[in-house]
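Here's the letter readout for the chains.
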Amino acid sequence: MSSSHTQANTAAVGGLSFLNPAAPEPWASFVEQIDRVAPHMGPLSKWVDTLKHPKRILIVDVPIVRDDGSVAHYEGYRVQHNLSRGPGKGGVRFHPAVTLNEVMALSGWMTIKNAAVNLPYGGAKGGIRIDPRAHSRGELQRITRRFTSEIGLIIGPEKDIPAPDVGTNEQTMAWMMDTYSMNVGSTATGVVTGKPIPLGGSLGRHEATGRGVFIAAREAGRRSNVPIAGARVVVQGFGNVGGIAARMFHEAGARVIALQDHSATLSNEAGIDVPAALAHAAANGGLAGFAGAAPISVEDFWLLSSDYLVPAALEGQILPERARTISTKIVVEGANGPTTPAADDILRDRGILVVPDVLANAGGVTVSYFEWVQDFSSFFWSEDEINARLERIMVGAFEAIWQMAEERKVSLRTATFIIACQRVLAAREQRGLYP
Ligand code: NAD
């Protein structure tokens, strides 16, 4: 049996995460989060189990001819967790640790996120277990095209609309759009979001997730008396989400004192010149070698004292052990699933506010929604219009969730799940069960 099959099977039956061997499987974390919200569902609680059963799972083999002429097989997934409120929506991840279990959890979080900010979407997610850095551009294109064709059975502008996630970008979306369009015989810009602007992409989409993370941080800080100006900020992950969020903190007068990516962990007490770090990472494929900050150990990174801590890399980063020693006021989850439920409880008991992923990083899918709407009407909005609408949706959602948290005396995560699950389960009840 190939190692890829062993991984997938282990992931499906439970056990520990491949990403971080000490972390529980992401799907187990998601189910636990659903269990926590069930008592708040009142008459809708009879539908709660729906959320513990992904609606549809597609596992595909992705074979390609490699540059050296050999044939390689990769395992890919598309999971549609819940489609009660509309077509599926969620990213596609290219990462060597992708498992079915992880994609299931990510699709579940998309259901919650889309409902939390009231977008007319269900939740979905996809991924391929590859290391994108280990492939040439030509191989990545062949992998993307074959994967798109294989999942073409279940995606489409009115069925399920992928977008970028870890290891994928605007170029990946352009290849996906082109492949789907070739297969259906007409240009279907609305099949994916996060496309390049000339191909029906939206202004502001590239920055939207990081911008939303910043808006969520600002709203939390305003209510908790932690001003952004002068704040000490630590950011894990320096890609699309972490890079933009760090830049926005920097521009707002915060001091970004530490950054970590796959290549380096760096700190500078005086504050890192974030634009210079971004330029270095863009030119060198990562932070390693950036001269504007000093290398520190991974564990020291998690011990730094800060006002805002932004995990914006991968799930399973804040486990109970780290939650007991983290020294920050507000955790703003740019990544999906960075904090396990047990760690969440410890942070709450220690008085550390957590702005959950399903709210904090919803800016990306919100502008993806704008992109999809613009594609349908072939009428494109200005960046100011997009940013203003994003601001309105994020601030409105934050306020409603904050109020729910105060009313029910629950965490922001549980409050977000309450609002989202009420919407999803009410839609399920109104639609009724087929047949
Ligand atoms: P990306 O590929 O652009 O960046 C990922 C970053 O994480 C890179 O800087 C990488 O070096 C770093 N990283 C990878 N492994 C690491 C490790 N072991 N330790 C430290 N850093 C590591 O991905 P992204 O789009 O920025 O996504 C980051 C997170 O945000 C993911 O959890 C993703 O699901 C979530 N998210 C992304 C979007 C989006 O629009 N891109 C939207 C919502 C949520």
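About the cut-offs
Residues numbered from 1 in each chain as written. Predicted model: local features only at pLDDT ≥ 70, side-chain atom pairs only at ≥ 80, totals over all residues. Heavy atoms only, no water. Domains from an automatic or database assignment. Contact = heavy atoms within 4.5 Å. Buried area = accessible area lost by both parts, 1.4 Å probe. Salt bridge = Lys/Arg side-chain N within 4 Å of Asp/Glu carboxyl O. Near = heavy atom within 4 Å. Polar contact = N/O pair within 3.5 Å; in protein donor to acceptor, adjacent residues only side chain to side chain. Areas by Shrake-Rupley, 256 points an atom, 1.4 Å probe, with all protein chains shown as cover. Helix = DSSP H or I, 4+ residues; strand = E, 2+ residues; numbered from the N terminus. Nonpolar A, V, L, I, M, F, W, Y, C, P; charged D, E, K, R; others polar.

Draft legend 1. Focus on the domain arrangement of the protein. Partitioning the protein into domains gives domain 1 (3-18 + 51-188) and domain 2 (207-360). In this complex, domain 1 contributes twelve residues to the contact, which on the side of domain 2 involves eight residues. Contact between domain 1 and domain 2 buries roughly 880 Å² in total, counting both sides, with carbon and sulfur atoms accounting for 55%. The three residues of domain 1 that bury the most area against domain 2 are Trp-109, Lys-113 and Arg-133, which together make up 49% of that side's buried surface. Counting the contacts that link domain 1 with domain 2 gives one salt bridge. Among the ionic pairs, Arg-93 bridges to Glu-315, the shortest N-O distance being 3.1 Å.

Draft legend 2. Quick peek at the site of the ligand. Within the structure, the ligand sits among 22 residues, and Asp-165, Thr-209, Phe-238, His-262 and Asn-336 are positioned closest to it. Within the backbone of Val-241, one N or O atom sits 2.9 Å away from an oxygen atom of the ligand. Here an oxygen atom of the ligand and a backbone polar atom of Gly-334 are 3.4 Å apart. In isolation the ligand offers 830 Å² of accessible surface; the protein chains occlude 84% of this area. Of all the elements in the fold, those that place two or more residues in the shell around the ligand are helix 6 (205-224) and helix 7 (240-251). The residue inventory of the shell around the ligand, partitioned by class, reads seven nonpolar, eleven polar and four charged. Each of two domains, domain 1 (3-18 + 51-188) and domain 2 (207-360), supplies a minimum of three residues to the shell around the ligand.

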